[in-house]
Amino acid sequence: MSDSDVREDARSFRDLFLSGVPLMDVRAPVEFGRGAFPTAVNIPLMDDGEREQVGLRYKEQGQQAAIALGTQLVSGDIKQRRIQAWADFARAHPEGYLYCFRGGLRSQITQQWLRSEAGIAYPRVLGGYKAMRTYLADAIRAAAATPGHLVLGGLTGTGKTDVLREIDNAIDLERHANHRGSGFGKRVTPQPSQIDFEHRVAIDLLHKQAAGWQTVVLEDESRLIGVNALPPELLQAIGSAPLVWLDASLEDRVERILRDYVVDLRAEFVARHGEAGDALFGQRLQDSLTGISRRLGGERHARLIALMRDALTRQMATGECDAHRAWIQGLLSEYYDPMYARRMEEKAARIVFRGDAVEVAGYLREQAARARR
């Protein structure tokens, strides 16, 4: 064991995540894909096929037979290429650490081979991925149980995310989920895995606490942000905390949605996909509307998608976006606003302040300053 190995305790893990040091994940790619940490790079000891073979041997014949097979599979040129990749990472990131699932055999082997074959003493995380993930899950539960959080609510398009960006103790859940939160909220790039989403939120909470914020501001989210589900404890906190309500005129909301879901989204598609971006953007808008067609009803869906298609045709021909306002306003006034009105009635008793963006941002800063004293 290296003297600089990260020991399995909360303080060590907290320091590791707050420092943002590079992490070398030596688990198999399939494990890494299910969940990892923001600063981790996957340089596995075994690939998915090798891991599967070793796992079957372990079940059938025990640990020693599995180790023997793993040593046989990862040998010769394969072994040397993997040691070289680890060594390259270690030299590029001398402040980093390596880990496997439980901080056991795979990370020990990696550490030993690095030392014996490349002359590099590189520390590992004791307890590995499992212990670090448990720590982050506990951090979310502890933060959610802390009293004093505030929740920012408002109708669709009021600019809640814009306000959150101005608040030092805000946690932007939609940013961590890479999704805008509504049926139209899907971004050009994919959402993180559920585990990665939870890790991002937990680490953000740790950073807020380290900066002196014990209470945070959260957006009034439902259980799902796209495909990412809020941790139950956080969802419960959002559902019970005092509510700050953001007001904006229908005209302002239409303009904001036009900016975010038409102008900016099209630009994202074109930047990522080039000439194909326009067609993909148009299909994304239509798919998003079709995704809520059952709740809209047949007549309303047909009318709104006709307006959308006309707007897309004009936009592609002239570059102008004015025609999109028709379907946006119809969708807000006929679908989202009535739905939110019902929810607001249920939440009315929790509202402690309401106002426009300037007023709400000022109130949230004032409450944060009081909580920090």
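- Where an unreviewed UniProt entry is consulted, the protein appears under the name tRNA 2-selenouridine synthase, with the organism given as Bordetella genomosp. 9.
- The UniProt entry for the protein carries the following text under Subunit (unreviewed entry): "Monomer."
- Regarding the protein, the UniProt comment filed under Sequence similarities (unreviewed entry) reads as follows: "Belongs to the SelU family."

### Description of helix α4 (residues 63–73)
Then step 1. Taken together, the buried positions of α4 are occupied by Ala-65, Ala-66, Leu-69, Gly-70 and Leu-73. Along the axis of α4, the buried residues cluster in a sector spanning 135°; they form a single face. Residues of α4 that are exposed and angled more than 90 degrees away from the buried face: Gln-64 and Gln-72.
Then step 2. The secondary structure elements touched by the buried residues of α4 are α3 (48–61) and α5 (76–92).

### A short note on the domain arrangement of the protein
Then step 1. Per the domain assignment, the segments of the protein are domain 1 (13–133) and domain 2 (147–372).
Then step 2. On a C-alpha basis, the centres of domain 1 and domain 2 stand 39 Å from each other.
Then step 3. The interface is formed by eleven residues belonging to domain 1 together with nine residues belonging to domain 2.
Then step 4. Buried area between domain 1 and domain 2, summed over both chains or domains, comes out near 920 Å², and the portion from carbon and sulfur atoms is 61%.
Then step 5. Summed over the three residues of domain 1 that lose the most area to domain 2, namely Phe-17, Leu-18 and Arg-133, the buried surface amounts to 49% of that side.
Then step 6. Scanning the region where domain 1 abuts domain 2 turns up one salt bridge.
Then step 7. The partner of Arg-133 in a salt bridge is Glu-198, with the nearest N and O atoms 3.0 Å apart.

### Some remarks on the side chain of Glu-219
Then step 1. With respect to the helices, strands and loops of the structure, Glu-219 is situated in strand β6 (residues 217–219).
Then step 2. It turns out Glu-219 is buried and unbridged, and the closest side chain with the opposite charge, Lys-160, is 4.1 Å from it.
Then step 3. Here Glu-219 is in contact with Val-151, Leu-152, Lys-160, Thr-161, Leu-164, Glu-174 and Ile-238, once residues within four sequence places are set aside.

### Brief notes about the UniProt feature "domain: Rhodanese" (unreviewed entry) in the protein
Then step 1. Within this structure's numbering, the places UniProt gives as "domain: Rhodanese" (unreviewed entry) are residues 17–141.
Then step 2. In the segment residues 17–141, helix accounts for 63% and strand for 7%; the C-alpha atoms at its two ends are 17 Å apart.

Calculation notes
- Residues numbered from 1 in each chain as written.
- Predicted model: local features only at pLDDT ≥ 70, side-chain atom pairs only at ≥ 80, totals over all residues.
- Heavy atoms only, no water.
- UniProt positions renumbered as here; feature names shortened; annotations may be inferred.
- Buried < 20%, exposed > 50% of the residue type's maximum accessible area, 1.4 Å probe, protein only.
- Helix = DSSP H or I, 4+ residues; strand = E, 2+ residues; numbered from the N terminus.
- Arc of directions from axis to C-beta.
- Contact = heavy atoms within 4.5 Å.
- Domains from an automatic or database assignment.
- Buried area = accessible area lost by both parts, 1.4 Å probe.
- Salt bridge = Lys/Arg side-chain N within 4 Å of Asp/Glu carboxyl O.
- Lys, Arg positive; Asp, Glu negative; His and termini not counted.

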